[in-house]
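A structural walkthrough
Chain by chain, the residues run as shown.
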Amino acid sequence: MNLSFYKDKRVFVTGHTGFKGTWLCRMLVGVGAIVTGYSLEAPTMPNLFALAALEDKMTSVIGDIRDFEKLKTAFDAAQPEIVLHLAAQPIVRDSYKDPRYTYETNVMGTVNLLECVRLSTCVKSVLNVTTDKVYHNNEWCWGYREDEPLDGFDPYSNSKSCSELVTHSYINSFFASGNVAVSTARAGNVIGGGDFANDRIIPDCVRAMKAGRKIGVRNPYSTRPYQHVLEPLAVYLTIAQKQYEDIRYAGFYNVGPDDCDCVTTGELVNLFCKHWGEGAAWENQAEANAPHEANFLKLDCSKIKATFGWKPRWHIDECMKMTCRFSKVWLAGGNIPEEMDREIAAFLEADM
């Protein structure tokens, strides 16, 4: 990965006010990219985008990805060379509460963005970020490969499967000439400092520490591929760069950790308690009639390793160490932009 590639590149990021989007924009502006973000207001208070001090370092457009006219106006003004699509309704439980909004955002939002690309002449590289949950999940003990059937179970996962299919159709129908390189990236669960979302385990841990209570864990035995948020972001930037330089790199990529970092939620929270210290503890709060969520999910990432020589920089213990450090800086009222830049630099300097 060569972040200096992005210096002076015009980059359009959807979902820039979200957790991953904010970290991504901090990486890009740090190397001198010309960044335009398009997103709803950050969904939580506090939120990382406000803490990251990015407002005066990029163009931030607040708008709904479902609003094609507003999106296209922002897109045309930005004249991007590279498009990174992260905007989504990303919470499984919320998709059960409001499936229509989830499909409108995750499916038609993708259509709207790809229409902007189709009608432009400036774009060379597009990456649509989906999820590891796009696959028809058989609860296998081995990882899913990119050619496995797509059929997410819940409305969130299924809407992301649809987003993948929309992307495939646009590639075949409109981008087959090779003028625009388009890929999708199917990433696993991410952790890291600055995530304040509801119904996610690490934010729940931090909220419990702030309140001085035990951490409640709903699904302690479910296994997920966890990685630090910087890990997939580095891969996204690598894919977007490589296909910008050579369209033969365009494709569909799994982005996940090594097998040793696929752990149960209970094991993950044990690591959190270890690095947090101060008597941190958790309790099982399994719900009898909870909405369906997969118990076991793992990706086979051999394709991206073979294509780009990539391998994870930080394993799960280091991920949790960084997450706890960041969260303690935040609770102490410390300098969040400085901490983000420190972690980005440490990540980029880590051995692969």
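Look a little higher up for the structure.
The numbering scheme is per chain: residues are counted from 1 as the chain's sequence reads. Predicted model: local features are reported for residues with pLDDT of at least 70 only, side-chain atom pairs are reported and counted for 80 or more only, and whole-chain, interface and lining totals are derived from all residues. With hydrogens and water stripped out, all remaining heavy atoms of the structure feed into the side-chain values.

Description of the sheet that holds strand β9 (residues 223–228)
Where we set the bar: Paired strands, in this sense, are two strands between which DSSP finds at least two bridges. Numbering of helices and strands starts at the N terminus; helices are DSSP runs of H or I of at least 4 residues and strands are runs of E of at least 2. To define axes, lines are fitted to C-alpha atoms, for helices over the stretch in contact only, and angles between the resulting N-to-C directions are given on a 0 to 180 degree scale. Note on definitions: a residue-residue contact is assigned when non-hydrogen atoms from the two residues lie within 4.5 Å.
Pairing is mixed in the open sheet, where three strands are placed in the order β7-β9-β11. Edge strands, defined here as strands with exactly one partner in the open sheet, are β7 (189–191) and β11 (262–264). Adjacent strand axes in the sheet meet at a mean angle of 50° when their direction is disregarded. Pairing of β9 with β11 involves three bridges; the strand directions are antiparallel. By the bridge assignment for β11, Arg224 is matched with Val263. Where helix α8 (residues 230–245) meets the sheet, it contacts β7 and β9, and its direction lies at approximately 70° from that of β9. Here helix α9 (residues 265–276) sits on the sheet in contact with β7, β9 and β11, set at roughly 90° to β11.

Thoughts on the packing of α9 against helix α11 (residues 316–331)
The cut-off we apply is this: To sort the angles, those under 35 degrees are grouped as roughly parallel, those over 145 as roughly antiparallel, those from 65 to 115 as roughly perpendicular, and the leftovers as oblique. For a crossing to be left-handed, the near helix must be turned anticlockwise from the far one by less than a right angle; the clockwise case is right-handed. Following the grouping adopted for this structure description, the nonpolar residues are Ala, Val, Leu, Ile, Met, Phe, Trp, Tyr, Cys and Pro, the charged ones are Asp, Glu, Lys and Arg, and the polar ones are all others, Gly among them.
At a minimum axis distance of 9 Å, the contact between α9 and α11 shows a crossing angle of 55°. One finds that α9 runs oblique with respect to α11. Viewed along their axes, α9 and α11 form a crossing whose handedness is right-handed. Along the contact surface, α9 presents Leu268, Leu271, Phe272, Lys274, His275 and Trp276, while α11 presents Ile316, Asp317, Met320, Lys321, Cys324, Ser327, Lys328 and Leu331. Per-class residue counts for the contact of α9 with α11 are eight nonpolar, two polar and four charged.

Brief notes about the nonpolar core
Just so we agree on the cut-off: Residues grouped as a nonpolar core are buried Ala, Val, Leu, Ile, Met, Phe, Trp, Tyr and Cys residues, joined through side-chain atoms within 4.5 Å. A simple rule labels every residue: compare its accessible area, found with a 1.4 Å probe on the protein chains alone, to the largest value its type can have, and call it buried under 20%, exposed over 50%, or partly exposed in between.
In this structure, Tyr6, Trp23, Leu28, Leu84 and Phe272 are the most contacted members of the largest nonpolar core, which totals 80 residues. Among the elements that line this core, the one with the most residues is α8, at nine residues. Contacts of Leu84, omitting those with residues within four sequence positions, involve Val11, Phe12, Val13, Thr14, Leu24, Leu28, Leu127, Leu237 and Ala240. Within the second largest apolar cluster, 24 residues are counted, among which are Tyr38, Ile65, Leu114 and Cys116.

A look at the sheet that holds strand β5 (residues 125–129)
Strand order in the open sheet formed by seven strands is β3-β2-β1-β4-β5-β6-β10, with parallel pairing between adjacent strands. Each edge of the open sheet carries a strand with a single partner, namely β3 (59–62) and β10 (252–255). Sheet twist, expressed as the average angle between the axes of neighbouring strands with direction ignored, equals 15°. Examined bridge by bridge, strand β4 (residues 82–85) and β5 share four bridges and lie parallel to one another. Among the inter-strand pairings, His85 is bridged to a residue of β5, identified as Asn128. Of the strands in this sheet, β1 (10–14), β2 (34–39), β3 and β4 touch helix α3 (residues 68–78), which is tilted by about 160° from β1. Lying on the sheet, helix α6 (residues 155–174) is in contact with β5, β6 (181–187) and β10; it crosses β6 at an angle near 165°.

Re the packing of aromatic side chains
Convention followed: Ring pairs are drawn from Phe, Tyr and Trp, using the six-membered ring of Trp, whenever the two centres fall within 6.5 Å, and their geometry is named by plane angle: stacked under 30 degrees, edge-to-face over 60, tilted for the rest. The criterion is that NZ of a Lys, or CZ of an Arg, lies within 6 Å of the ring centre and within 35 degrees of the ring normal, and then a charge sits over that ring.
Using the criterion set out here, one finds twelve aromatic pairs in the structure. Taking 5.6 Å as the distance between ring centres and 10° as the angle between the ring planes, the aromatic pair formed by Tyr135 and Tyr144 counts as stacked. Judged by its relative accessible area of 2%, Tyr135 is buried. Classification of Tyr144 by relative accessible area gives buried; the value is 1%. Counting every residue linked through ring pairs, the aromatic cluster contains Phe5, Tyr6 and Tyr244. Here the basic side chain of Lys9 rests over the ring of Phe5, its NZ or CZ set 4.3 Å away from the ring centre. Above the plane of the ring of Trp276 lies Lys328, whose end atom (NZ or CZ) is 5.0 Å from the centre.

Some thoughts on the pairing of β1
Selection rule: By convention, orient the strands away from the viewer: a clockwise path from the first strand over the helix to the second makes the crossover right-handed.
Judged by how many residues are buried, β1 sits mostly within the fold: four of five residues are covered. Taken together, the five bridges between β1 and β2 define a ladder with parallel strand orientation. Looking across to β2, one finds that Thr14 is bridged to Tyr38. Chirality of the crossover, the property in question, places the unit of β1, helix α1 (residues 19–30) and β2 among those that are right-handed. In this sheet, β4 lies alongside β1 in parallel orientation, the contact comprising four bridges. What sits directly across from Val11, in β4, is Ile82.

Section: empty space enclosed by the protein
The following threshold applies: Only protein atoms enter the calculation, which uses a 1 Å grid: trapped sets of points that fit a 1.4 Å probe without letting it out are cavities, open sets showing protein on both sides within 12 Å along at least five of seven lines are pockets, and any residue with an atom within 4 Å of a point is a lining residue. Grid points are joined across faces, edges and corners, and a volume is the space filled by probe spheres set on the points.
Under the criterion given, the structure shown has one cavity of 30 Å³ or more. Put simply, the largest cavity is a space of about 60 Å³. Taken together, Gly192, Gly193, Gly194, Asp195, Phe196, Ile202, Val206, Thr323, Phe326, Ser327 and Trp330 make up the lining of the largest cavity. Looking at the lining of the largest cavity, the element that brings in the most residues is α11, giving four residues. Among the residues forming the lining of the largest cavity, the class breakdown is five nonpolar, five polar and one charged.

Focus: helix α7 (residues 201–211)
Extensive coverage of α7 is indicated by the burial of eight of its eleven residues. Residues of α7 that are buried in the fold lie against β7, β8 (215–217), β9, α9 and α11. Remark: Gly212 follows α7 within two positions and exhibits a positive phi of approximately 70°.

A closer look at the pattern of salt bridges
In plain terms, the rule: Any Lys or Arg side-chain nitrogen found within 4 Å of a carboxyl oxygen on Asp or Glu counts as a salt bridge.
According to the stated counting rule, one finds 23 salt bridges in the structure shown. Residue Arg100 is joined to Glu104 by a salt bridge in which the shortest nitrogen-to-oxygen separation is 3.0 Å. With Arg100 and Glu104 both in helix α5 (residues 99–118), this residue pair falls four residues apart, about one helical turn. The shortest N-O distance in the salt bridge between Asp204 and Arg207 comes to 2.8 Å. With Asp204 and Arg207 both in helix α7, this residue pair falls three residues apart, about one helical turn. Each member of the salt-bridge network shares a partner with another, and the members are Asp64, Arg66, Arg100 and Glu104.

Purely geometric stuff here, so don't read any function into it on its own.
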